[in-house]
Amino acid sequence: MNHTQDTLWTRTARLPAESDTALPQAVDVAIIGGGFTGMTAARELLIAGRSVAVLEAGKIGAGASGMNAGFVVPNFAKADPNAVRAKLGTERGNALLRLVGDGANAVFRTIEEDGISCDARQTGWLNPAYGAASAEMLKARAALWRELGRPVSFLDADQTHQQTGMDIYAGALLDEEGGTIHPLDYLRGLGQSVRRRGGTVHEGQCVEKVIRDGAGWRLTMRSGATLTAAKVLLCTNAFTIGAASRMGRSAVPLRVYQIATTPADPATVKRIAPDGRPVGDTRQNLFTYRLDRDNRLISGGMAAIPFGAFDRLGRAVADRLSKELDLPQAVTPEVVWTGVAAMTPDFLPRLHQLGEGWFGGIGCNGRGIAMTAQLGRVLAHAALGESLDHLPIPVRPLRPLPFHQFTPIVASAALIQARLKDKLAK
Ligand SMILES: Cc1cc2nc3c(=O)[nH]c(=O)nc-3n(C[C@H](O)[C@H](O)[C@H](O)COP(=O)(O)OP(=O)(O)OC[C@H]3O[C@@H](n4cnc5c(N)ncnc54)[C@H](O)[C@@H]3O)c2cc1C
């Protein structure tokens, strides 16, 4: 699994990928997985004075952290604050809401503190409502976030039109703390911070086994190399290879395709994103767009039928952009890429205790940039010995989903149903 996918981010990255060759023999904490979660956990542990090694099976950016669209969104895709409280109880629900609500600030703070050059723009994030019922739902949701002290407001249809150039929306939720980044540069920048603080980052080290060794753990790589650690963090998201297998099978893997077009002209940029805000609407088959630093449009979609999806989806997403944004000229994809996001059955993040001092975390549910900045921190606190009862992300038993290998078929069926629902809503 050597990440060689051609993406907008590999083409435009400014920071180099950095990796260490010699594995240390022993560390305080071994981190399996070199995405945002693993790197953030490593950074936090180094700040707390622990020795750390990050073990990454492929290249840095091989997972969703290298493939995403770079929308920084500090909320839940599928739940409003009341739904979170109903699921977790008021106290635990509020703790998770505060954590998630501060997720975008956590990302932009880290970028600033560590001087990471990654096109970071905290412009706010727009969530336009498709249909009157969605508008009412978002108005109520914005009020609930405001009660938690967050700068979230509801724009009417005219204001939404001014912000997007689109007249199909009944209004929009505006979260002023959202924004955009260049995800691969952010990830590489986090890796540099880890190395600067004395940690090591190892590409091409797939962890096969983690077994008890005295008071700690022995990790065995696919290469045969070994490393011992007092504590272990599993930060492997949707992956099911080697030591990641059980946790990966507890989430639904969703394959998402992204495209970037050639740069939009200045008049179009002014019309569809006057304040540079990224957009993701409320449709079941959601419509998203943002601009990169050269004004390329970035959007994405999912394929109901996986065969031939790469080229088909690239064209379909570009056509949708041209139509929805009423672009002066039809756009074509400059680059198409794909990645896998992990969805938990209740759409909330979760921690797992896999042994004494061995923890895993998963469940960013498409809001992974802001969420991993918090999940990584919480995992680091678990490794530092904080009581699991006091952590703001719920600890759950690890239960691989039955028939996990068939979940993509269920996701395809759900997508077809979602498209039908959008048609009916129209
Ligand atoms: C196409 C796409 C678009 C997205 N867009 C957005 C967006 O715009 N905004 C947003 O907030 N979120 C988005 N997401 C979600 C977000 O990218 C993820 O939630 C986030 O990157 C997860 O980070 P992570 O570190 O937990 O996992 P990953 O980045 O997947 O990292 C896990 C790492 O573990 C490594 N690994 C696996 N098994 C092993 C092993 N046995 N040994 C060693 N290493 C191992 C993998 O190689 C991988 O690098 C998107 C996801 C996708 C796929």
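See the structure printed just above.
Residues numbered from 1 in each chain as written. Predicted model: local features only at pLDDT ≥ 70, side-chain atom pairs only at ≥ 80, totals over all residues.

Peer 1: Account for the pairing of strand β11 (residues 226-234), naming residues and giving values.
Peer 2: Two elements, strand β1 (residues 26-32) and β11, share 6 bridges in a ladder whose sense is parallel. From the neighbouring strand, valine 29 faces β11, where its bridge partner is lysine 231. Sheet topology note: the β11/strand β18 (residues 358-362) ladder contains 3 bridges and is parallel. Opposite valine 232, over in β18, you have tryptophan 358 as the bridge partner. (Pairing = 2+ DSSP bridges. Helix = DSSP H or I, 4+ residues; strand = E, 2+ residues; numbered from the N terminus.)

Peer 1: Describe in detail the site of the ligand, supporting the description with residues and values.
Peer 2: Not every one of the 43 residues close to the ligand is listed here, only the nearest: Gly33, Gly35, Gly63, Gly339 and Gly368. At 4 residues, helix α13 (residues 368-383) tops the list of elements feeding residues into the shell around the ligand. (Near = placed C-beta within 6 Å.)

Peer 1: So what's going on with the environment of glycine 191? Residues and values would help.
Peer 2: Tracing the sequence through the fold places glycine 191 in helix α9 (residues 183-196). Its 27 C-beta neighbours within 10 Å are what place glycine 191 among the buried residues. The sequence separation of glycine 191 and leucine 97 amounts to 94 residues, and the corresponding C-alpha distance is 28 Å. The contact partners of glycine 191, leaving out residues within four places of it in the chain, are Glu18, Met39, Ile60 and Val201. (Buried ≥ 20, exposed ≤ 12 C-beta atoms within 10 Å, placed from the backbone. Contact = placed C-beta atoms within 7 Å.)

Peer 1: Account for α13, naming residues and giving values.
Peer 2: The terminal C-alpha atoms of α13 lie 21 Å apart, and with 16 residues this matches the ideal 22 Å at 1.5 Å per residue to within 8%. Of all 16 residues in α13, 16 are buried, a share of seventy percent or more. Just downstream of α13, glycine 385 is the residue with a positive phi angle, here 100 degrees. (Expected span 1.5 Å × (residues − 1).)

Peer 1: Got a sec to walk through the environment of serine 117? Specific residues and values, please.
Peer 2: Mapped onto the elements of the fold, serine 117 is located in the loop between α6 (103-113) and β4 (125-128). C-beta crowding within 10 Å serves as the criterion here: with 13 such atoms nearby, serine 117 is assigned to the partly exposed category. The spacing of serine 117 and glycine 189 is 72 residues in sequence and 7.3 Å in space, taken between C-alpha atoms. Those residues in contact with serine 117, other than ones at most four positions away along the chain, are Arg14, Leu15, Asp185 and Gly189.

Peer 1: Kindly report on the nonpolar core, identifying the contributing residues and their values.
Peer 2: Among the nonpolar cores identified, the biggest contains 118 residues, and Ala30, Ile31, Ile32, Val232, Leu233 and Leu379 are the most heavily contacted of them. Looking at this core, the element that brings in the most residues is α13, giving 10 residues. In contact with leucine 233, other than residues within four places in its own chain, are Val29, Ile31, Ile32, Ala41, Phe359, Leu379 and Ala383. (Core = buried A, V, L, I, M, F, W, Y, C linked by C-beta atoms within 7 Å.)

Peer 1: Now, about the packing of helix α4 (residues 81-88) against helix α5 (residues 90-101): what can you tell me, with residues and values included?
Peer 2: Running from amino to carboxyl end, α4 crosses α5 at an angle of 135 degrees, the nearest separation of the two axes being 7 Å. Classified by the interaxial angle, the pair formed by α4 and α5 is oblique. For the crossing formed where α4 meets α5, the hand is right-handed. Touching Pro81, Val84, Arg85, Lys87 and Leu88 of α4 are Thr90, Arg92, Gly93, Asn94, Leu96 and Leu97, all from α5. Across the contact of α4 with α5, the residue classes break down as 5 nonpolar, 3 polar and 3 charged. (Axes fitted to C-alpha atoms, helices over the stretch in contact; angles between N-to-C directions. Parallel < 35°, antiparallel > 145°, perpendicular 65-115°, else oblique. Left-handed = near helix turned anticlockwise from the far one by under 90°. Nonpolar A, V, L, I, M, F, W, Y, C, P; charged D, E, K, R; others polar.)

Peer 1: I'd love a proper account of unusual backbone geometry, names of residues and values included.
Peer 2: Even without being glycine, aspartate 119 reaches a positive phi, approximately 50 degrees. Here aspartate 119 is to be found in the loop between α6 and β4.

Peer 1: Which residues make up the packing of helix α2 (residues 36-47) against α9, and what values go with them?
Peer 2: For the pair α2 and α9, interaxial distance at closest approach is 9 Å and the crossing angle is 25 degrees. Compared by their axis directions, α2 and α9 come out roughly parallel. α9 is crossed by α2, and the crossing has left-handed handedness. Taking contact as the criterion, the partners of Phe36, Met39, Thr40, Ala42, Arg43 and Leu46 in α2 are, on α9, Leu187, Leu190, Gly191, Ser193 and Val194. Each residue belonging to the contact of α2 with α9 can be placed in one class, and the counts come to 7 nonpolar, 3 polar and 1 charged.

Geometric values such as these leave the question of function open.
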